[in-house]
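A structural walkthrough
One-letter residues, chain by chain:
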Amino acid sequence: MYKIIDGKKLAAEMRVSIKSNVEEFKSKSGKDIGLAVVLVGDNPASQVYVRNKIKACEEVGIKSYAYYLSAETSQEELEDLLRGLAVDDNINGILVQLPLPKHLDAGRALKLIPDSKDVDGFSPNNIGKLCMNSESLVACTPNGVMKMLEAEHIDLKGKNAVVVGRSNIVGRPMAMLLLNADATVTICHSKTKNLKEQCLKADVLVAAIGKSKFIKADMIKDGAIVIDVGMNRDENGKLCGDVDFENLKEKCSYITPVPGGVGPMTITMLMYNTYIAATRS
Ligand code: GUN
């Protein structure tokens, strides 16, 4: 018998508590909390994400500052904006929605975001702190996964955790968080030779691949905890994850659905990070 970890419900509960923390901060400090969201170009998926981020800010009482820049924006224009936001006292967090249009250098632009306002947890210092298991702003999606595991009282100590995917946004920070929670961690990727064998060892499997229904029933062991970070469209255009949910759910002890799993947690963790950034400012 498997249990579905309901990310939508947990995210809603967390937003209630973040909202009350935000209210308390505002009344004690007399200051607002501000999040700047920068979107360059007209990528439809990014537009949806940004809209949802702004909606979440409204829900928890964080003031959002949205910057919609044209697809033709130059590196210099983007960098000028970020330099301004970096020193603006009204702004506690800065998020540049990725991917940026191809002519822009994301690495160079993101360097202009101070570590203290890096609510995505992407800066080398914040990633370094995460690797050293010391306090930092942590990437939202993997941090959201950890909150889901915590909410189910899943003890990761000594468990075999396998992360499939090594992106800077999900796979790598996810592996570090699992390591910090005392799991034994394996990172698999496109060049891994014995992927199925590696996955079969997983007590906890995190799929962050970006390929529809890639993880099949014969790739997981009985009783595995399966976390699906994927957000894809299947052959009928329906939203689906990286995990073949219907065919493998019966083998799991816990599984996250798509939609309604990790997705809603990501934006909630962004609200959490923005609140934390404000309390440290
Ligand atoms: N694009 C896809 N995921 C993310 C994210 O977590 N943060 C930002 N800034 N861009 C993204």
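Our subject is the structure listed above.
Throughout what follows, the structure given in this document is the object of discussion. In this text the structure is predicted, and so the values were computed from the model without any measurement.

A few points about the packing of aromatic side chains
Counted by the stated rule, this structure contains zero aromatic pairs. Residue placement shows Lys 147 over the ring face of Tyr 272; its charged tip is 5.4 Å from the ring centre.

Some remarks on the environment of Val 60
Following the sequence through the fold, Val 60 ends up in helix α2 (residues 44-60). Separated by 159 residues in the primary sequence, Val 60 and Met 219 have C-alpha atoms spaced 40 Å apart.

Re the nonpolar core
Ranked by internal contacts, the top residues of the largest apolar core, which has 53 residues, are Leu 149, Leu 178, Ile 227 and Met 271. Here the element with the most residues in this core is helix α10 (residues 262-279); it accounts for 10 residues. Among all residues touching Ile 227, those that are not within four sequence positions of it are Ile 5, Val 145, Leu 149, Leu 205, Val 206, Ala 207, Thr 256 and Val 262.

Remarks on the sheet that holds strand β2 (residues 34-40)
An order of β3-β2-β4 is seen for the three strands of this open sheet, with the pairing classed as parallel. The outermost strands of the open sheet, each flanked by one partner alone, are β3 (63-69) and β4 (93-96). For this sheet the average axis-to-axis angle between neighbouring strands, irrespective of direction, equals 15°. Pairing of β2 with β4, which is carried by four bridges, proceeds in the parallel orientation.

Describing the side chain of Asp 118
The residue Asp 118 is located in the loop between α4 (106-110) and α5 (124-131) in this model. Of the side chains with opposite charge, Lys 129 lies nearest to the buried Asp 118, which makes no salt bridge, at 9.4 Å. From its side chain, Asp 118 meets the backbone nitrogen of Phe 122 in a polar contact 2.9 Å long. Here Ser 123 takes part through its backbone nitrogen, which lies 2.8 Å from a polar atom of the side chain of Asp 118. Once residues within four sequence positions are removed from consideration, Asp 118 is found in contact with Ile 113, Ser 123, Asn 126 and Leu 137.

As for the pattern of salt bridges
According to the stated counting rule, one finds 15 salt bridges in the structure shown. Here Asp 203 makes a salt bridge to Lys 221, at a shortest N to O gap of 2.7 Å. Within this pair, whereas Asp 203 is found in the loop between α8 (195-200) and β7 (204-207), its partner Lys 221 is found in the loop between β7 and β8 (224-228), the two being separated by 18 residues in sequence. We note a salt bridge from Lys 213 to Asp 234, for which the minimum N-O separation is 3.8 Å.

Here's the deal with the site of the ligand
Around the ligand sit Leu 95, Val 96, Gln 97, Leu 98, Asp 120, Phe 122 and Ile 169, and those are all the residues in its vicinity. The contact in question runs from a nitrogen atom of the ligand to an N or O atom on the side chain of Gln 97, over 3.3 Å. Within the backbone of Leu 98, a nitrogen or oxygen atom sits 2.9 Å from a nitrogen atom of the ligand. Considering the ligand on its own, with 280 Å² of exposed area, one finds that the protein chains cover 82% of that surface.

Observations concerning the layout of surface pockets
Of the voids in this model, the second largest pocket is the one considered here, and its volume is about 380 Å³. Taken together, 25 residues form the lining of the second largest pocket, with Ile 91, Asn 92, Ala 277, Ala 278 and Ser 281 sitting closest to its centre. Looking at the lining of the second largest pocket, the elements with two or more residues in it are β3, α5 and α10. Sort the elements by how many residues they give to the lining of the second largest pocket and α10 lands first, with three residues. Residue composition of the lining of the second largest pocket, by class: eight nonpolar, seven polar and 10 charged.

Overview of the environment of Leu 85
Mapped onto the secondary structure, Leu 85 falls in helix α3 (residues 75-86). Judged by relative accessible area, which is 3%, Leu 85 ranks as buried. Along the primary structure Leu 85 and Ile 62 are separated by 23 residues, whereas in three dimensions their C-alpha atoms are 16 Å apart. Among all residues touching Leu 85, those that are not within four sequence positions of it are Ala 36, Val 38, Tyr 67, Ile 91, Ile 94 and Lys 117.

Reading the values: the criteria
- Residues numbered from 1 in each chain as written.
- Predicted model: local features only at pLDDT ≥ 70, side-chain atom pairs only at ≥ 80, totals over all residues.
- Heavy atoms only, no water.
- Phe/Tyr/Trp six-rings, centres within 6.5 Å; stacked < 30°, edge-to-face > 60°.
- Lys NZ or Arg CZ within 6 Å of the ring centre and 35° of its normal.
- Helix = DSSP H or I, 4+ residues; strand = E, 2+ residues; numbered from the N terminus.
- Core = buried A, V, L, I, M, F, W, Y, C linked by side-chain atoms within 4.5 Å.
- Buried < 20%, exposed > 50% of the residue type's maximum accessible area, 1.4 Å probe, protein only.
- Contact = heavy atoms within 4.5 Å.
- Pairing = 2+ DSSP bridges.
- Axes fitted to C-alpha atoms, helices over the stretch in contact; angles between N-to-C directions.
- Lys, Arg positive; Asp, Glu negative; His and termini not counted.
- Salt bridge = Lys/Arg side-chain N within 4 Å of Asp/Glu carboxyl O.
- Polar contact = N/O pair within 3.5 Å; in protein donor to acceptor, adjacent residues only side chain to side chain.
- Near = heavy atom within 4 Å.
- Areas by Shrake-Rupley, 256 points an atom, 1.4 Å probe, with all protein chains shown as cover.
- 1 Å grid on protein atoms, 1.4 Å probe; cavity = no way out; pocket = protein on both sides within 12 Å on 5 of 7 lines; lining within 4 Å.
- Points joined across faces, edges and corners; volume = space filled by probe spheres on them.
- Nonpolar A, V, L, I, M, F, W, Y, C, P; charged D, E, K, R; others polar.

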